[in-house]
Amino acid sequence: MRDTRRTRVVLAVLLLVSFTLITLDLRGGDSGPIGAIRSATGTVFGPVQRAVAAVYEPVRHFFGGLGHDEQARLVQLEKENADLTLRLRTSQYAESRAAELDALLKVAGLGQYRIVPAQVIAVGPAQGFAWTALLDAGSRDGLKVGMTVINGVGLVGRVKSVTSSTATVLLLVDEESTVGARLEGGLTLSLANGQGGTQPMQLQVLDPRVVLAPGDRVVTRGSDFVSGVPIGVVTAVQPTQGTLVRVADLQPYVNVRSLDLVGVVVQGPRTDPRDSVLPPRPSASPSASASASATTSPSGSAGATASAGPSAGASPSR
C-alpha cells in the first residue's frame, strides 16, 4: 500500500471509530448499544455453540480417558519390564556365582587344598605393584601373608599383605611375580615370570635338555606356592640355542581382568597332587584319527614317526 494522504486519513478515521466503540461499550455495559449487539449475537450463535459442545464433549472425554488409561498401562508395563530385567540379571549372576563356586570347590578337592572363599573387591595397582587384587577377607578369616590364591581354573597369585578384614594379592602376571613351576609329567625346575597383564608370562626351564613345545602345560612346583596348581599353557618357544635355559611364552589359565570369586589356600595338601588338578586333555577327534591313518605310507614310516612324537614330548628329563 502506498503511503498517501488519503491512506493516512482512512487510518485515522478507523482508529477514531474503534476508540469510540470501546468507550461506548465500557460506559454503557450490557444496556448500551454495543451490549445489545453482543446480546443479539449470543442469542443467534448460542444454540449453535451449545449443540456443537454437546456433540464434541463426549468425544473429548472418551479420547481423554483413553489417553489416561493407555498412559497408566504404559507406566505399568515399564515397571513390570524393569522388574523382569532385574530378576533375570539376578538369576544370571546367581547362576554364574554358583558355577564359579562349583569349579573352585572342584579344584580344591582335586588338590586337597583347604580354602577360604573370598570376593574380589577391586583389581589394580597397590603397594608399589602394578597388578594386585583386593579381597574381602583378612586375618580374622585365617588369611596370612604368603598364602596361595586360586580360582576355578588355576593360580591367581599370592597374598602380599593382610588387614583384619581385607587382603591384597600379588597377581601372577605382575612383573615382580615369580612362580616356581614344573612341566606336566616332569620334575625339572622351572620359573614362571609375570610380564604385566598385556603380555604372556615367560617360562624359563632350567635344563637345556628339556624339549619344549606349544601345548605343554605347567603347574606350581610347591616352593613358595602350594604344589599342583595349574598355571598355564606354553604358546610359543623362543629360540635359545647355545644357552643353558629354555624360554617359552606361557598363557595363564586365569584371566586376571575378570576375577570374581577366589579361594585362599589356608592349608596345603598332605601329599603332592602332581598333575591331578589339571583338566583332562581333549580326546582326538575321529576325523583327525582318520586323517592320520590316510597319510601313513605303505612302509609304515609315517606311523613310526607319529608314535615317536608322544614319547619325545614326555621325555624323562622333564
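As the structure is a computational prediction, the values presented were derived from the model and not from experiment. (Residues numbered from 1 in each chain as written. Predicted model: local features only at pLDDT ≥ 70, side-chain atom pairs only at ≥ 80, totals over all residues. Heavy atoms only, no water.)

Engineer: Any chance you could explain the layout of surface pockets here in plain terms?
Structural biologist: In this structure, the largest pocket encloses a volume near 190 Å³. Residue lining of the largest pocket: 13 residues in total, with Lys 106, Val 107, Leu 110, Val 277 and Pro 279 positioned closest to the centre. Sorting elements by how many residues they give to the lining of the largest pocket places helix H2 (residues 33-111) first, with four residues. Residues that form the lining of the largest pocket fall into these classes: 10 nonpolar, two polar and one charged. (1 Å grid on protein atoms, 1.4 Å probe; cavity = no way out; pocket = protein on both sides within 12 Å on 5 of 7 lines; lining within 4 Å. Points joined across faces, edges and corners; volume = space filled by probe spheres on them. Helix = DSSP H or I, 4+ residues; strand = E, 2+ residues; numbered from the N terminus. Nonpolar A, V, L, I, M, F, W, Y, C, P; charged D, E, K, R; others polar.)

Engineer: What should I look at first to understand the pairing of strand E6 (residues 178-183) in this one?
Structural biologist: Every other side chain in a regular strand lies on the same face of the sheet, so the side chains alternate between the two faces. Of all six residues that make up E6, five are buried, and the element is covered over most of its length. Two elements, E6 and strand E7 (residues 190-193), share four bridges in a ladder whose sense is antiparallel. Bridge pairing in E7 links Val 179 to Ala 192. In this antiparallel pair of consecutive strands, E6 and E7, the connection spans six residues, and Gly 185 shows a positive phi of 80 degrees. For E6 and strand E9 (residues 217-220), the ladder comprises three bridges, and the chain directions are antiparallel. Looking across to E9, one finds that Ala 181 is bridged to Thr 220. (Buried < 20%, exposed > 50% of the residue type's maximum accessible area, 1.4 Å probe, protein only. Pairing = 2+ DSSP bridges.)

Engineer: Before we go on, may I ask you to explain the sheet that holds strand E5 (residues 167-171) in this structure?
Structural biologist: Note: strands within a sheet are paired through backbone hydrogen bonds, in either parallel or antiparallel orientation. The six strands are arranged E1-E2-E5-E4-E3-E12 in a closed barrel whose pairing can be described as antiparallel. Strand-to-strand, the axes of this sheet are offset by a mean angle of 45 degrees, without reference to chain direction. Taken together, the five bridges between strand E1 (residues 114-126) and strand E2 (residues 129-135) define a ladder with antiparallel strand orientation. Looking across to E2, one finds that Val 123 is bridged to Ala 133. (Axes fitted to C-alpha atoms, helices over the stretch in contact; angles between N-to-C directions.)

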